Amino acid sequence: SQSYKTWNDQIGEEIEVFPVRYPGKDAPGSRPTDLLFVSELARQIAGHSGGSEILFYGHSYGGMVAYCCSLELQKVHGLQTSVLFVGACSAPVPHK
C-alpha cells in the first residue's frame, strides 16, 4: 500500500486513492491468506462513497481483493463498481 500513497498527489482532486494494507501484512513471514476482511473494507467504502463513482485497481493478490470487494459492495450494499482494473492476477474461476 505504501507505493500507492503518492497517487493522490499525482492524480488530481477529483479522484481519491485509498491504499489498503492487509491484516498481518507487516508481521515477519506473514502473508494474507483469506479474504475475511473484505466485508469490513466494503462497509468502509460504502460509508465513504457518498454516491461517488467507485473504481478499483488491484495488483496481484490485490486484484482478487478488489474483485471480491466489488462483489460485496454490489450484493450487500447495492453499490455498483464503475471500473475494476486488475494487474498481475488471473481471472477468478466461477463456482459450479
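It should be noted that the structure appears before, not after, this text.
Residues numbered from 1 in each chain as written. Predicted model: local features only at pLDDT ≥ 70, side-chain atom pairs only at ≥ 80, totals over all residues. Heavy atoms only, no water.

A. Molecular detail of the pairing of strand S2 (residues 83-87). The pairing of strand S1 (residues 55-59) with S2 spans 5 bridges and is parallel. Looking at S2, one finds that Tyr57 is bridged to Phe85. (Pairing = 2+ DSSP bridges. Helix = DSSP H or I, 4+ residues; strand = E, 2+ residues; numbered from the N terminus.)

B. Here's a closer look at the side chain of Thr81. As for its position among the elements, Thr81 is in the loop between helix H3 (61-77) and S2. Within the local environment of Thr81, its side chain forms a polar contact with the side chain of Ser70, the two groups lying 2.7 Å apart. Among residues more than four places away in sequence, those in contact with Thr81 are Ile54, Leu55, Phe56, Ser70 and Leu73. (Polar contact = N/O pair within 3.5 Å; in protein donor to acceptor, adjacent residues only side chain to side chain. Contact = heavy atoms within 4.5 Å.)

C. Examining the nonpolar core more closely. If you look at the biggest cluster of nonpolar residues, it comprises 12 residues: Tyr22, Phe37, Val38, Leu41, Ala42, Ala46, Ile54, Phe56, Val65, Ala66, Cys69 and Leu73. At the level of elements, helix H2 (38-49) and H3 are the ones that each hand at least two residues to this core. Excluding residues within four positions of it along the chain, Val38 makes contact with Val65, Cys68, Cys69 and Glu72. (Core = buried A, V, L, I, M, F, W, Y, C linked by side-chain atoms within 4.5 Å. Buried < 20%, exposed > 50% of the residue type's maximum accessible area, 1.4 Å probe, protein only.)

These values are about where atoms sit, not about what they do.
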